[in-house]
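# Structure at a glance
What follows is the residue order along each chain.
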Amino acid sequence: MTRIMVVGGGIGGAAVALGLHKAGFEVTVHEAHPDGGDDAGAFLTLASNGMRALAQLDAAAPVNGLGFPLRTMSVLDEDGRQLATVPLGEHDHAPTRYRCLRRAELGEALRAEVRRRRIPLRHAARLTGLTESSGGVTVRFADGGTAHADLVVGADGLHSAVRSQLDPDGDRPQYAGQRVFYGYTADAPAPSGGPEDRITMIRGSGAAFGYAHSPDGEAYWFARVPGPPASAEELAGTGPDGWREQLLALLRPDRTPAADIVAATTDRLMVTNARHLPPGGRWRGRRTVLLGDAAHAASPATGQGASMALEDAVVLAKALREAGPDGGPSAAAHEAALARYEALRRPRAEQNTVTSARLTASRTDRRSPAGAPPRDSERPAPGVDEELLRLLDWDTPLPPAGLPA
Ligand SMILES: Cc1cc2nc3c(=O)[nH]c(=O)nc-3n(C[C@H](O)[C@H](O)[C@H](O)COP(=O)(O)OP(=O)(O)OC[C@H]3O[C@@H](n4cnc5c(N)ncnc54)[C@H](O)[C@@H]3O)c2cc1C
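Below: a short report on this structure. (Residues numbered from 1 in each chain as written. Predicted model: local features only at pLDDT ≥ 70, side-chain atom pairs only at ≥ 80, totals over all residues. Heavy atoms only, no water.)

### Observations regarding the environment of Asp 156
- Looking at the secondary structure, you find Asp 156 in the loop between β12 (151-154) and α5 (161-166).
- Along the primary structure Asp 156 and Leu 291 are separated by 135 residues, whereas in three dimensions their C-alpha atoms are 8.2 Å apart.
- When near neighbours in sequence (up to four residues on either side) are disregarded, Asp 156 contacts Val 7, Gly 8, Ala 161, Val 162 and Ala 294.
- A polar side-chain atom of Asp 156 sits 2.8 Å from the main-chain amide nitrogen of Ala 161.
- A polar contact is formed between the side chain of Asp 156 and the backbone nitrogen of Val 162, at a distance of 3.0 Å. (Helix = DSSP H or I, 4+ residues; strand = E, 2+ residues; numbered from the N terminus. Contact = heavy atoms within 4.5 Å. Polar contact = N/O pair within 3.5 Å; in protein donor to acceptor, adjacent residues only side chain to side chain.)

Shown next as structure tokens:
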């Protein structure tokens, strides 16, 4: 049986392991982190396309037990005027509704599902090198160990070591022009009026701000602030109090709930520099392929990174399934499956990177018109259209090679 090694046990890595196992492959997952995954406490929204991808992997149920659903989005201007309220994705279909949840919880739920299906998952296994040969791929780890597989899936995130091995001269992740603040507080003022299960996006004068209240009253919020990146010294030396004051200075001039929410946030307040990967890099070798942020990291403006990684997982598992898991198909069949996956995924995934960069830039130079209808970033993932439904549906064969997704 074909042995596939997944490098990285985050959202995309755990999901593709579930898909490849479901397709009948012998899969192992190697994760650098000693126990959990690599994240700093952030939350994210999984869009309906991501939830649908999870459902194809029979993994929607554990995720639906986490966080809370979102059905609508309101958009406010800097004076707190409501510009629009729009439904989100498959809002009337509970299993694939948008969901707001902590990134660590999502990763842990997927890794728990990996373990439950008895897929070997090794922690403290940081890839440092790999060599492809006619007999397979040999991987080297930071502890000096090695492992061998027929195929390697690099799901090791933004700073992918697998990508560096595949494409040593390729582009590196770049600063996307915004610092991202995010936090949680149980002490924010209660939301006023409007439907429940709502996320509110504010076009502030100094920051784009978003928040949602969980059913037990905790506010989850983020702010995207244009400007230079936070330096390593700032990131190491500024605590929640310092960040809060910086952000409040930008939010206080506006007449929106944002400043009160941030003022009510004490220690659970974090900052990161938004980064993205310029499109066009190499995604695969003969026996190695990238997935998720390792292949196509986008800035957070569209809120689609995790959902894209989940879509990748389904399509890659389907492409390899069609090459056949049993009896070891030829290297050429594997290579063709990887090429098919890339052809089906690259246009959509890189479009997301480009759209997110454009939205980030339009915030950065502040030339976006006020009072306009919701922008793309405020109306994430317009759809799970028919084409995408067929692509993701586990029982529907992929379109013939050469046809666009
Ligand atoms: C501030 C912020 C907000 C975001 N908001 C959203 C949102 O609202 N919605 C959304 O869909 N997405 C959002 N994203 C993006 C989303 O988090 C990523 O797109 C998603 O986590 C990608 O999944 P992944 O599995 O490719 O990578 P990751 O989740 O980063 O997982 C990579 C894994 O690989 C491991 N690893 C790294 N190097 C090695 C190595 N050498 N060897 C072995 N293992 C290794 C890491 O420990 C980690 O567990 C946001 C991102 C940021 C930064």
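That was the structure; now back to the text.
### As for the site of the ligand
- If you check the shell around the ligand, you find 31 residues, and the closest are Gly 12, Glu 31, Thr 45, Asp 293 and Ala 306.
- One of the backbone N or O atoms of Ile 11 is found 3.3 Å from an oxygen atom in the ligand.
- The contact in question runs from an oxygen atom of the ligand to an N or O atom on the backbone of Ser 307, over 3.5 Å.
- In the complex, 88% of the free accessible area of the ligand, which totals 1000 Å², lies under the protein chains.
- Of all elements in the fold, only α1 (11-22), β3 (43-46) and α10 (305-323) reach the threshold of two or more residues within the shell around the ligand.
- Of the residues belonging to the shell around the ligand, the class tally is 11 nonpolar, 14 polar and six charged. (Near = heavy atom within 4 Å. Areas by Shrake-Rupley, 256 points an atom, 1.4 Å probe, with all protein chains shown as cover. Nonpolar A, V, L, I, M, F, W, Y, C, P; charged D, E, K, R; others polar.)

### Digging into the pattern of salt bridges
- Counted under the stated rule, the structure contains 24 salt bridges.
- Where Arg 81 meets Asp 77, a salt bridge forms, and the shortest distance between an N and an O atom there is 2.9 Å.
- Judged by relative accessible area, which is 7%, Asp 77 ranks as buried.
- The shortest N-O distance in the salt bridge between Glu 113 and Arg 116 comes to 2.7 Å. Note that Glu 113 and Arg 116 are positioned in helix α4 (residues 103-116) at a spacing of three residues, about one turn of the helix.
- Overall, Arg 116 belongs to the exposed group, its relative accessible area being 58%. (Salt bridge = Lys/Arg side-chain N within 4 Å of Asp/Glu carboxyl O. Buried < 20%, exposed > 50% of the residue type's maximum accessible area, 1.4 Å probe, protein only.)

### Examining the nonpolar core
- Membership of the largest hydrophobic core comes to 71 residues, with the highest contact counts inside it found for Leu 20, Leu 46 and Leu 110.
- If one sorts the elements of this core by residue count, α10 sits on top with nine residues.
- Not counting chain neighbours up to four residues away, the residues in contact with Leu 46 comprise Met 51, Leu 54, Val 63, Arg 97, Tyr 98, Arg 99, Leu 101, Leu 106, Ala 306, Ser 307 and Leu 310.
- Membership of the second largest hydrophobic core comes to 22 residues, among which are Leu 76, Ala 219, Trp 243 and Val 271. (Core = buried A, V, L, I, M, F, W, Y, C linked by side-chain atoms within 4.5 Å.)

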